[in-house]
Amino acid sequence: MHGRTSGRRPAKFRLLDGRSLLAALVLALTLVGTCSVAAQNAHLADAMYQGVPVSSCLRLLHASGTVGCQTKKGTTGILYQINNNNDLDAFIKDAPSRDYAIVMPYLVFTPSNVAKLRNSKKMAGIILVKDGFGYPDPATWSSDSTCPNCQFGLYSNQPPSSWHQWNPDGNSLSFQDFDFPIFGISQDGSNLRSITPLKEAVEANARGGYVSYPLYAVEFDAFMWAAGNSAVCLQRGWCDPIGGLSVWSTFSKVLDSNNTLNDNKPLIVVSAKIDSKSFISDFGIGSKLPTMAIGARSPKTGLVTALATADALSQYFKSPEAVPLAKHILFTFFDAETWGFAGSQRFVQDITRPLVCKERGETATPSCPLALANCTNPCFYDLDFTSIQFNNIESIIEFDSVGGIDVPNLPPNPTIFMHVDEVNPQTTALMNMFAGTTAAPGFNGSSPLNVNTVPAAGDGVNFRLPPSSAMAFLAKKNIPAVVFGDFRDRYSNRYYNSEFDDGSLWDADNVALMCALANKTARSVFASASGNTTVPLIVSANCTLVAELMNCFTRNLTCSLVAELYPQLIDTLEVLGPPLTDTAYSGTFNYDTNVMPFLINRIMTNLTATERTSPCIRDDQCPTDYACMSYSKLANGTSVGKCTQGFARFHWAYGTGIEKNYQKAVFEVVDPTKPSWTQSKFGTAATNGIRMRLFKVASTNYEALQLGIGCILTVLGIATTILSQRYFRKRFKME
Amino acid sequence: MTLISFFGNALTAYGPALAVFLLYVARNAQLVILLMTSAFFWLLSILFSSVFWYLIKPLQNVPVGTIFVAVTLQELFRFLFFKLMSKAEKGLNIIAKTPNSPLNRPANAFVTGLGFGIMSGLTLYLSQLAESAGPAILACNSCPGMDVFFVGALTTCLFIFLHSVWNMVAFDGWYRGQWLPFGFVMISHYAASYGTLLTPSSIEYGCAIALLIDFVILIVCTTLAVRPILVS
């Protein structure tokens, strides 16, 4: 072997020279080629690919695993429409074996159907269509579990079989782990940007029986890094905690030097939650994608009623005869409650734990990215919450879904149920404050109501508390707590935490009911807090405000209330265009606020306002602790407000199983038994990492034909070259 | 799946040319150099075309005009390259393996034409080829069953060899002092290039007609190019 190799060396060198020449040539040509490729590809891609705006099911993690969707890079599928179960069976039986992107209504999107599609091995991904294809809304659809968040609730230490099924229609799809993408599209008002191209494409495919090529296909792009569980993922930096900002507020003096909140008076807590979720997550205003999570019934009806209660009470506090009451009234609006009661549990944890501020500083730090934080370790913008005395909390009043949407007897005799943990003298006394029948006028021409407020427990049966924020307080101490709901033993909301719980279903009757409940609550709370059974007439709920709040929160944020509190948002929305409602998904926690908590904070600041001073156009023109609000439009179109001092505070809301590690400036899972939901980061940052492209594809036969012709031509080239060289050599007798 | 399309298109467009290059040209360093030089000349022609295109704004949206300028300049550079090569011919013959072979001139003309063709094929088609690796196809307007990239691959394959035989025909004419063969080359180049406009048009089977035109010209020109060698 050795001898032979060395013997051939010179020849080899010559050959190498030829090869290096060849290599140089190929390199030069490739370089020239690459330059022209880069220049032309953008133009070509535009002609071939059409972007379709979509939202996606996200990859979420908890303490022991992952849920949601994953999109492998380069996932493509031929569009195939499945309208009902028959279509689904036909697809599984007859569709030629290729990868398909299934376009289907939510009605067909059930766990068993998803399993069937998955097993067919012909599905690349699913595109769920809410509005725009003319599909009827399902009679009931909820991707949450039958007992939402119960593993983190007050009864979590009891066997799951004993938990009451508040959401019996829940299919738990939100908690399944899918190894394929599920995207969602919907019509946003008259905006058909996603609907029209997709509808035309899938209809063209159907017309050709899904066999007449070229067919329309889509590419799913929503790669998310995360794997494992929250602890692993946070450690690797591939996740962010799910969370947001809760808001709390009070009419009692907190800000001036004689802070009265810690004066040992009893506290009455009035509470509601801010957030909900949907199977397909959206990113709210500015994303240009339809809002999927609105949560009109849960939690918005409760939230609006709580705000209307605060407004009714504020009428007393801003009147000249107002005096401090015998009890404090504390309003809490909890965010990220959908994720294991993150808002309420963290709030209760922080007000029950003595705060030791280890570091203070004027500037932002890596672990506390806030300028002017009152404490940077632990990170808090303000420490006002430390004056809330947990042990003085006398009672808790919470609003769950109270709009009476889809309940019988609305009008004329709607029933509001009062849920308590245990029926005992304390809770009965609390319920007695609200129990009874109240006559309420209609709103905007709707018929008058007789609202019955009754205990949910009865006939010896008590289903105890539905999943609620009050549970976080009760877990620490047995405080009388009542949760108002328009349901007795199962949610009236057929679309709990889903896309269909949108702003399309409420009307004046629901406004009248919420207004009546707010009125009743405000007056009862005032009576309790003042110790005086005669309540001034000015403590009265404003039904117009209830309707306005519902309209702003569930239909259109460019409303007069927002114009009064923060016209900058309307200016922004006028530039951005739809969607005009913000998402109810709390999103990831980054010490910053979403639109909803921000607006609630401003509403409460306005209601608790003690001072209104100089005119202003923006917040930064006002002194610290003042915000610019009560805007009115001048003749020249500029909105001018007044610097207003009220009292409303944000409070961090992320799972109590997660804490900041201040040495490493990262979040860590510290207690896997407590809620520790996280959301995966995206592979690409563009368009929130979610992209769908629509294009045409060729059949596999056609591709095989291309390859065949290519091979034949190449072989022909080889044969012709060899044969003609041989012929010319012979003909001209060379070599 | 689409990698199949990519390789199909790549082999269709460049396979035959690559076979000729590897099995014939690459065995002879002199031919490789000639091929590269002519490829460079083609690049110069397209550089000047693009300067024209860039400077004359009305030209930018008129493919008919762009094609006229590009074809004219390519043929001009074919002539310039012939001038250069005839100056170098003596030297080339000295270092050739077979200095006195009657095949040297047609072989050199063929290889330099191949250089023209390969460079035009790479420049004009490579971006489409790269895009054909993606999942999408761009349906051909005139032939709905075909995609633009595959038609492009076939066109590229034909044009590479068209350039080879055009070079042989034109050079043979110039060696004899005749301009008529070059005139024929020029006209057939215009015909072949303008024929490709049928592909994106809405004329039924436009892409097939375009390919047929190219193919017929290739057969005719090959006959014209090879006949003088065989009769010599």
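Computed from a predicted structure; not experimentally measured.

Draft legend 1. Fine view of the overall build of chain B. When helices and strands are tallied, chain B shows seven helices and zero strands. Listed by position from the N terminus, the elements making up chain B come as α-α-α-α-α-α-α. Computed over C-alpha atoms, the radius of gyration of chain B comes to 18 Å, within 12% of the 17 Å expected from 2.2 N^0.38 for 232 residues, which places it in the range of a compact globule. The burial tally for chain B puts 56% of its 232 residues in the buried class.

Draft legend 2. Region of interest: the sheet that holds strand β19 (residues 449–455) of chain A. Residue and element names in this part refer to chain A. Taken in spatial order, the nine strands line up as β18-β19-β17-β20-β16-β12-β13-β11-β24 in an open sheet, and their pairing is mixed. The sheet is open, and its two borders are formed by β18 (436–440) and β24 (648–654), each paired with just one other strand. Across this sheet, the average inter-strand angle for adjacent strands is 20 degrees, counted without regard to direction. Pairing analysis gives four bridges linking strand β16 (residues 393–399) to strand β20 (residues 481–485), with the strands arranged parallel. Across the sheet, residue F399 finds its bridge partner in β20, namely F484. Of the strands in this sheet, β11 (243–250), β13 (328–334) and β24 are in contact with helix α8 (residues 342–352), which crosses β24 at around 110 degrees.

Draft legend 3. Just the packing of helix α1 (residues 2–23) of chain B against helix α5 (residues 148–175) of chain B, in detail. Residues and elements named next belong to chain B. It is the contact of α1 with α5, at a shortest axis distance of 6 Å, that shows an interaxial angle of 15 degrees. Relative to α5, the element α1 lies roughly parallel. The handedness of the crossing between α1 and α5 is right-handed. Along its contact with α1, which presents N9, T12, A13, Y14, P16, A17 and V20, the element α5 presents F149, F150, A153, L154, T156, C157, I160 and F161. Taken together, the residues of the contact of α1 with α5 break down into 12 nonpolar, three polar and no charged.

Draft legend 4. Just the UniProt feature "transmembrane region" (unreviewed entry) in chain A, in detail. Per the UniProt entry, the sites bearing "transmembrane region" (unreviewed entry) are residues 704–724 of chain A in this numbering. Helix makes up 100% of residues 704–724 of chain A and strand 0%, and the two end C-alpha atoms of the span are 30 Å apart.

Draft legend 5. Main features of a nonpolar patch on the surface. Residue and element names in this part refer to chain B. On the surface, L47, F48, V51, F52, W53, Y54, L55 and I56 cluster together to form a nonpolar patch covering roughly 780 Å² of accessible area. Within the secondary structure layout, L47 lies in helix α2 (residues 29–55). With relative accessibility at 46%, the residue L47 sits in the partly exposed group.

Draft legend 6. The arrangement of the pairing of strand β28 (residues 691–697) of chain A in detail. All names here are of chain A. Summarising burial for β28: five of the seven residues are buried, a large majority. Where strand β1 (residues 50–51) and β28 come together, two bridges link them in antiparallel fashion. The residue of β28 that forms the bridge with Q50 is L694. Inspection of the sheet shows strand β9 (residues 215–221) paired to β28 by seven bridges, in the antiparallel sense. Its bridge partner lying in β28, E219 is registered against R693.

Draft legend 7. The domain arrangement of chain A, seen in detail. Residues and elements named next belong to chain A. The domains assigned to chain A are domain 1 (50–224 + 687–697), domain 2 (244–609 + 646–654) and domain 3 (611–643). Between domain 2 and domain 3, the C-alpha centre-to-centre distance is 26 Å. Each side of the interface is counted separately: domain 2 has 12 residues, and domain 3 has 12 residues. Our enumeration of links across domain 2 and domain 3 arrives at two salt bridges. Taking the shortest distance from any N to any O, the salt bridge between R602 and D619 comes out at 2.9 Å. By residue class, the composition of the side of domain 2 that touches domain 3 is six nonpolar, three polar and three charged.

Draft legend 8. Broad picture of the interface of chain B and chain A. Every contact between the two is made by 54 residues of chain B and, on the other side, 46 residues of chain A. Between chain B and chain A the total buried area reaches about 4000 Å² when both faces are included, carbon and sulfur atoms providing 74% of it. In terms of surface lost to chain A, no three residues of chain B exceed E131, P135 and I137 of chain B, which account for 14% of the buried area on that side. In this assembly, chain B and chain A are joined by zero salt bridges. Sorting the residues of the side of chain B that touches chain A by element identifies α1, α2, α4 (104–131), α5 and α7 (206–231) of chain B as the ones contributing at least two each.

Draft legend 9. Representation of the packing of aromatic side chains within the structure. Residues and elements named next belong to chain A. In total, this model carries 65 aromatic pairs over all chains according to the counting rule given. Ring geometry for F91 versus Y100: centroids 5.3 Å apart, planes at 85 degrees, classification edge-to-face. Considered together, F91 and Y100 belong to a single accessibility category, that of buried residues. Here the aromatic rings of F589 and W652 are separated by 5.7 Å at their centres, their planes lie at 70 degrees, and the arrangement is edge-to-face. With F589 in the loop between α14 (567–576) and α15 (595–607) and W652 in strand β24, this pair connects stretches of sequence that are 63 residues apart. By relative accessible area, which is 8% here, W652 ends up buried.

Draft legend 10. Main features of the UniProt feature "transmembrane region" (unreviewed entry) in chain B. Here the UniProt feature "transmembrane region" (unreviewed entry) sits at residues 6–25, 32–56, 62–81, 107–128, 148–167, 179–197 and 203–226 of chain B. Annotation note: span residues 107–128 of chain B, helix share 100%, strand share 0%, distance between end C-alpha atoms 31 Å.

Draft legend 11. Representation of the sheet that holds β9 of chain A. Residues and elements named next belong to chain A. Pairing is mixed across the open sheet formed by eight strands, whose spatial order is β1-β28-β9-β5-β6-β7-β8-β2. Of all strands in the sheet, those with a lone pairing partner are β1 and β2 (55–56), marking the two edges. Direction of pairing for strand β5 (residues 75–81) relative to β9: antiparallel, over a ladder of four bridges. The residue bridging I78 from the neighbouring strand is A217, located in β9. Against the sheet, helix α5 (residues 195–207) contacts β1, β5, β6 (100–105), β7 (123–129), β8 (182–185), β9 and β28, and its axis sits at roughly 75 degrees relative to β5.

Draft legend 12. Structural detail: the pattern of salt bridges. All names here are of chain A. For the coordinates displayed, the defined rule picks out 28 salt bridges over all chains. K277 is the salt-bridge partner of D144, the closest N and O atoms lying 3.9 Å from each other. Within this pair, whereas D144 is found in the loop between β7 and β8, its partner K277 is found in the loop between β12 (267–273) and α7 (296–317), the two being separated by 133 residues in sequence. The buried category is assigned to K277, whose relative accessible area is 4%. Ionic pairing is found between E668 and K664, a salt bridge with its closest N-O pair at 3.8 Å. K664 sits in the exposed class, given a relative accessible area of 58%. What you see here is one network of salt bridges that share partners, running through E219, D221, R691 and R693.

How each quantity is defined
Residues numbered from 1 in each chain as written. Chains lettered and ligands numbered in written order. Predicted model: local features only at pLDDT ≥ 70, side-chain atom pairs only at ≥ 80, totals over all residues. Heavy atoms only, no water. Helix = DSSP H or I, 4+ residues; strand = E, 2+ residues; numbered from the N terminus. Rg over C-alpha atoms; globule rule 2.2 N^0.38 Å. Buried < 20%, exposed > 50% of the residue type's maximum accessible area, 1.4 Å probe, protein only. Pairing = 2+ DSSP bridges. Axes fitted to C-alpha atoms, helices over the stretch in contact; angles between N-to-C directions. Contact = heavy atoms within 4.5 Å. Parallel < 35°, antiparallel > 145°, perpendicular 65-115°, else oblique. Left-handed = near helix turned anticlockwise from the far one by under 90°. Nonpolar A, V, L, I, M, F, W, Y, C, P; charged D, E, K, R; others polar. UniProt positions renumbered as here; feature names shortened; annotations may be inferred. Patch = residues over 30% accessible without salt bridge, like charges linked within 9 Å, V, L, I, M, F, W, Y side chains within 5 Å. Areas by Shrake-Rupley, 256 points an atom, 1.4 Å probe, with all protein chains shown as cover. Salt bridge = Lys/Arg side-chain N within 4 Å of Asp/Glu carboxyl O. Domains from an automatic or database assignment. Buried area = accessible area lost by both parts, 1.4 Å probe. Phe/Tyr/Trp six-rings, centres within 6.5 Å; stacked < 30°, edge-to-face > 60°.

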